[in-house]
Every structure is written in C-alpha cells, then in structure tokens.
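So you can see what is in the structure, the chains are spelled out below.
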Amino acid sequence: QSVLTQPPSVSGAPGQRVTISCTGSSSNIGAGYDVHWYQQFPGTAPKLLIYGNNRPSGVPDRFSGSKSGTSASLAITGLQAEDEADYYCQSYDSSLSGNWVFGGGTKLTVL
Amino acid sequence: QVQLVQSGAEVKKPGASVKVSCKASGYTVTNNGITWVRQAPGQGLEWMGWISADSVNTIYAQRFQGRVTMTTDTSTNTAYMELRTLRSDDTAVYYCARVWWNGGKCFDYWGQGTLVTVSS
C-alpha cells in the first residue's frame, strides 16, 4: 500500500471540472510538508505539474493544487482530452527516516 | 536547459547487480540532490532513495537498504544507482530526478527512464 491514498480512477467530460484527492497522515501532509503533483503519460517519465500551490512555467492555469489538514487535492478545470493521464501526489514523511512518499496514482479518463 | 539522460535498458539474471547512470546537463549535480524512483510494469511510482548535492549524505527507502548504493561523479556530472541481489520483482523502469529543495523538495526534472528486466 502507498503511504498517500488516491482514488484509482476519476473521469469527466470535456469542459468539466474534476478533482483528485490525496490523503495522508500527521507524519506527512498533516506535518505541514508540501504536496506535489506529477502527470504521467503512458511510456513517458513523470512531469512535475504542481509544486505546493504553484505551477511550473508552461503548466496551464487549469491545474491547481490545495491542501487542508492531512489531505490535498488536484483540481483540473475545463477538462481536455489531452489531460487523460495518470496523476501522482507526493510529499515528505518524517516518520520514515526522512523519506519521500507517493500516492498510488489516479487514472484520469476524459469521456 | 536542464536535462537528465539515463543509460540504456538492461537485462539481468536473478542475483546479479545493475548500475544505472544519470548524466546531468544544464546544471551541476553538486547544486541539487538526485533522487531515484522506480515503476514496476503497470504499477505506481516508488521512491528508492536520495543522494545529497555534496554526495556526502544518502537516504535509502527501508525496503532497499542493504541492496542499493547511490553515488555521484562530479567530474562527469553523473549520478549512479546500483541495485544488488536482483529479484524478478525488481523488474521496473528506474528514473532519476533532480530534487528542487526550494520547491518544497519536489522533483522538477526527470530522466527518461531505464528499463531493468530481471529474468532467468
């Protein structure tokens, strides 16, 4: 099992808004560590999508991240067919000798 | 621009070792730490470990401790990950990534991945 919990899949129609949740604990997200999000297309390396509440240069503002307590969310507005991919959340965990931890990943399907 | 270029695919027998390289360009490895992440076929991302920018410190995920060694060669701006006593469940794509400390410890640039297949 992954330290961070994500839904295995989410779906939405083009133009809709979808959110992907990421649930952690008091030793990672709840401890105040930033949550980051990565987008991965089949056969390619993950790409940094959101770091904390920020977007790297070139990432559309349709993507946003938020955090509250021991959970975080990735929101995608104005869903587009090209957004269909796997999404992973990541944080830092103070209980495992300073390990970085990932969520299990969420497959986004654009209907 | 920043690039991480990894070595090519490997096929190994159970019990063998593999050493994957990750050559950095566009920045100096001593300015940022390097981390290694693997992804088994059809599975999610698994963090393996980290080596500090000055190569002095390493942190390995508990499940790899004793089997993995991460190093850097500053003369060639290259990082390495060696995994020993390979098992079939070590078959995966192995990625290196740069750690952006000021970005909340995120991984801002990734290598293209190296497929390691463990099979008798």
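Along each chain, residue indices are assigned from 1 in the same order as the chain's sequence is written. Just so you know, chain letters begin at A and ligand numbers begin at 1, following the order they were written in. For a predicted model such as this one, the threshold for reporting local features is a pLDDT of at least 70, and the threshold for listing and counting side-chain atom pairs is 80 or more; totals across whole chains, interfaces and linings nevertheless cover every residue. Hydrogens and waters are ignored; side-chain quantities use all the structure's heavy atoms.

**Let's talk about the layout of surface pockets**
(1) Moving on: Considered as a void within the structure, the largest pocket measures approximately 470 Å³ in volume.
(2) Moving on: Along the walls of the largest pocket sit 18 residues, with A:Gln1, A:Ser2, B:Leu45, B:Glu46 and B:Trp47 positioned nearest its centre.
(3) Moving on: Each helix corresponds to a stretch of at least 4 residues labelled H or I by DSSP, and each strand to a stretch of at least 2 residues labelled E; elements are numbered beginning at the N terminus. Within the residue set of the lining of the largest pocket, elements represented by two or more residues are strand 8 (99-102) of chain A together with strand 5 (45-51) of chain B.
(4) Moving on: Of the residues forming the lining of the largest pocket, the biggest block, four residues, is contributed by strand 8 of chain A.
(5) Moving on: Residue type decides the class: Asp, Glu, Lys and Arg count as charged, Ala, Val, Leu, Ile, Met, Phe, Trp, Tyr, Cys and Pro as nonpolar, and the leftover types, Gly among them, as polar. Residues belonging to the lining of the largest pocket are distributed by class as follows: nine nonpolar, seven polar and two charged. Any residue with an atom within 4 Å of a point lines the site, the site being either a cavity, points on a 1 Å grid over the protein atoms alone where a 1.4 Å probe fits but cannot get out, or a pocket, an open set with protein on both sides within 12 Å along at least 5 of 7 lines. Grid points are joined across faces, edges and corners, and a volume is the space filled by probe spheres set on the points.

**Things to note about the pairing of strand 5 of chain B**
All names here are of chain B.
(1) Moving on: Burial runs high along strand 5: six of the seven residues are buried.
(2) Moving on: For two strands to count as paired, DSSP must find a minimum of two bridges between them. The sheet contact formed by strand 4 (residues 34-39) and strand 5 spans six bridges and is antiparallel. Bridge assignment links Ile 34 to a residue of strand 5, and that residue is Ile 51.
(3) Moving on: Two successive antiparallel strands, strand 5 and strand 6 (residues 58-60), enclose a turn made up of six residues, where Ser 55 displays a positive phi of approximately 65°. Only protein chains enter the accessibility calculation, which uses a 1.4 Å probe. A residue is then buried if its area is under 20% of the maximum for its type, exposed if over 50%, and partly exposed in between.

**Examining the nonpolar core**
(1) Moving on: In this structure, B:Trp36 and B:Phe107 are the most contacted members of the largest nonpolar core, which totals 44 residues.
(2) Moving on: The biggest single contributor to this core is strand 9 (residues 92-100) of chain B, with six residues.
(3) Moving on: Membership of the second largest hydrophobic core comes to 22 residues, among which are A:Leu49, A:Leu79, A:Cys89 and A:Leu108. We define the nonpolar core as a collection of buried residues of types Ala, Val, Leu, Ile, Met, Phe, Trp, Tyr and Cys that are connected through side-chain atoms lying within 4.5 Å of one another.

**Considering the interface of chain B and chain A**
(1) Moving on: By definition in these notes, contact holds between two residues if any of their heavy atoms fall within 4.5 Å. Counting residues at the interface gives 24 residues for chain B and 20 residues for chain A.
(2) Moving on: A combined buried area of about 1,700 Å² lies between chain B and chain A, and 65% of that area is made up of carbon and sulfur atoms.
(3) Moving on: Defined here as a combined quantity, buried area equals the accessible surface (1.4 Å probe) lost by two parts on assembly, summed across both. Taken as a group, B:Leu45, B:Trp47 and B:Lys105 account for 30% of the area that chain B buries against chain A, more than any other trio of residues on that side.
(4) Moving on: We define a salt bridge as a side-chain nitrogen of Lys or Arg found within 4 Å of a carboxyl oxygen belonging to Asp or Glu. Applying the counting rule to chain B against chain A returns zero salt bridges.
(5) Moving on: Pairs of N or O atoms are called polar contacts if they sit within 3.5 Å, as long as, within protein, a hydrogen donor faces a hydrogen acceptor (for residues adjacent in sequence, only side-chain-to-side-chain pairs). The interface formed by chain B and chain A holds seven residue pairs in polar contact (both at pLDDT 80 or more) in total.
(6) Moving on: Listed by contribution, the elements that provide at least two residues to the side of chain B that touches chain A are strand 4, strand 5, strand 6, strand 9 and strand 10 (106-110) of chain B.

**Concerning the side chain of A:Asn28**
Residues and elements named next belong to chain A.
(1) Moving on: The residue Asn 28 is located in the loop between strand 2 (18-23) and strand 3 (36-40) in this model.
(2) Moving on: According to the relative accessible area criterion, Asn 28 is buried, its value standing at 0%.
(3) Moving on: Among the polar contacts listed, one links the side chain of Asn 28 to the backbone nitrogen of Ser 25, at a separation of 2.8 Å.
(4) Moving on: In contact with Asn 28, other than residues within four places in its own chain, are Val 3, Leu 4, Tyr 33, Ser 91, Tyr 92 and Asp 93.

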